[in-house]
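# Coordinate analysis (summary)
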Amino acid sequence: MRIPNIGEVELLVPLQEGVFEQPMWGTFLRRLRRVAGVDSALIRLRIPGARGEIYLVDGNMPASAELPFADLREGRVYSADELGEPIAGGPDMRVIRMTGAEGIEAWMALLGNDLDAEHSRLLTALAPYFRVSLRVLASIEREKARASLSADALARMNFGWVALDERCRIVECDPQADRFLSRSGALRRGPYDRLTPSSPELDRQLTALVRECAADRHLRPRALNLSRDPWVEVLVSPIHLDTLVGDSRAVAMLYLRGDRSSSADRHEQLADLFDLTPAEARLAWSLSQGLSIAEAAEQHGLTIETARYYSKKIYAKTGARGQVDLVRNILTGVLALA
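Now for a quick tour of the structure. (Residues numbered from 1 in each chain as written. Predicted model: local features only at pLDDT ≥ 70, side-chain atom pairs only at ≥ 80, totals over all residues. Heavy atoms only, no water.)

Bringing the pairing of strand β4 (residues 92–99) into the picture now. Across the eight residues that make up β4, a large majority, six, are buried. Summarising the sheet, strand β3 (residues 77–79) and β4 pair through three bridges and their orientation is antiparallel. In the sheet register, Val 77 faces β4, and the bridge partner there is Ile 96. Sheet topology places β4 next to strand β5 (residues 105–112); eight bridges connect them, and they run antiparallel. Considered in β5, the bridge of Asp 92 is made with Gly 112. Here β4 folds back onto β5, and the loop between the two strands holds five residues, one of which, Glu 102, carries a positive phi near 60°. (Buried < 20%, exposed > 50% of the residue type's maximum accessible area, 1.4 Å probe, protein only. Helix = DSSP H or I, 4+ residues; strand = E, 2+ residues; numbered from the N terminus. Pairing = 2+ DSSP bridges.)

A word on the sheet that holds strand β2 (residues 54–58). Spatial strand order, β2-β1-β5-β4-β3: five strands in an open sheet with antiparallel pairing. Looking at the sheet topology across the chains shown, the edges are occupied by β2 and β3. The sheet shows a mean angle of 20° between the axes of neighbouring strands, taken without regard to direction. (Axes fitted to C-alpha atoms, helices over the stretch in contact; angles between N-to-C directions.)

On to the packing of aromatic side chains, then. Where two aromatic rings form a pair, the distance of their centres and the angle of their planes describe that pair. This model, assessed by the stated rule, comprises two aromatic pairs. An angle of 75° between the planes, with centres 5.0 Å apart, marks the rings of Trp 25 and Phe 130 as edge-to-face. Of this pair, Trp 25 sits in the loop between α1 (12–17) and α2 (26–36) while Phe 130 sits in helix α3 (residues 117–156), placing them 105 residues apart in sequence. In terms of burial, Trp 25 and Phe 130 fall into one category: buried. (Phe/Tyr/Trp six-rings, centres within 6.5 Å; stacked < 30°, edge-to-face > 60°.)

Time to look at the nonpolar core. Counting 31 residues, the largest nonpolar core has Trp 25, Phe 28 and Met 108 as the members making the most contacts within it. Residue assignment for this core shows that the elements contributing at least two residues are α2, β1 (40–46), β4, β5 and α3. The biggest single contributor to this core is α3, with eight residues. Not counting the four nearest positions on each side in its chain, Phe 28 is found in contact with Leu 11, Pro 14, Leu 15, Glu 21, Ile 43, Met 108 and Leu 126. Formed by 25 residues, the second largest nonpolar core is a distinct cluster that contains Phe 180, Val 210, Leu 224 and Leu 256. (Core = buried A, V, L, I, M, F, W, Y, C linked by side-chain atoms within 4.5 Å. Contact = heavy atoms within 4.5 Å.)

Here it is in structure tokens:
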């Protein structure tokens with residue numbers, strides 16, 4: 001049979017867009033199978049780090065798809081007879097191997113009866129375009145890996161975000177914020193999905209801020225502390241671009257950070273991390289929360305002189321040159337991941 005030119009049958013567009021489909025290349029494989037007049041069209045993928053290989057098939061999944069294709073020469077079309085392990089009574093096959101960036105490998109195959117040189121020509125013509133798609137797939141996988149690492153780091157530091165409408169109702173939120181709202185006593189998802197702080201006064205402040213964001217997209221971001229033990233703080237900012245969230249009702253973004261550990265837990269972690277005594281660790285945590293020496297001394301029942309003596313030992317052990325350095329060392333160091 002004579003197979004039309006790949007451009008004439010619009011195979012290239014679904015081939016390029018196939019990486020964004022679920023499952024990938026579904027439209028391309030359907031069209032390829034129809035144009036080639038075969039029983040099955042398949043793509044076999046091997047992505048480093050993925051569990052096993054990925055099989056994408058339009059038609060029946062043939063046993064010959066499991067053949068060891070790894071040793072095939074790049075860019076050359078093979079028939080079933082050349083593979084060394086032909087399936088007795090099985091369909092004929094044409095298969096081509098391609099490699100992409102980041103170690104991705106792919107095999108594209110046609111299976112059916114009476115396959116000929118035209119089928120081989122079709123696979124050869126498609127190969128350069130498929131390699132481009134593999135480069136796109138490699139870029140997507142790389143960005144997914146980076147995003148996963150970033151999301152994991154943000155999750156460990158308990159950062160999350162919530163998009164709010166003018167009435168302080170939740171329009172969208174990330175998984176970390178959703179988990180936080182389900183377990184936090186300081187901030188929760190109330191009736192009608194309204195974001196509700198535990199304190200009525202803080203509720204009024206948050207509601208007023210969100211309304212200001214709705215009225216002025218250039219409003220500067222504002223911070224609120226919702227709880228000190230464990231520490232919970234939020235930053236409220238107007239949405240400058242509608243594309244940040246998928247719903248145009250959102251007028252404000254609320255970025256939250258909630259500490260999973262109580263102050264007692266943090267005292268123990270500081271003592272371990274910097275070899276502080278229990279008294280030094282308690283004072284260090286209070287200073288890192290922005291309290292002055294006098295305020296921290298009063299909180300822990302110390303004289304100002306004793307607090308100053310402890311603070312000098314804390315700065316020496318943590319390598320801080322002062323309270324600003326101490327805050328940075330504690331709140332942005334590995335303790336934030338604990």
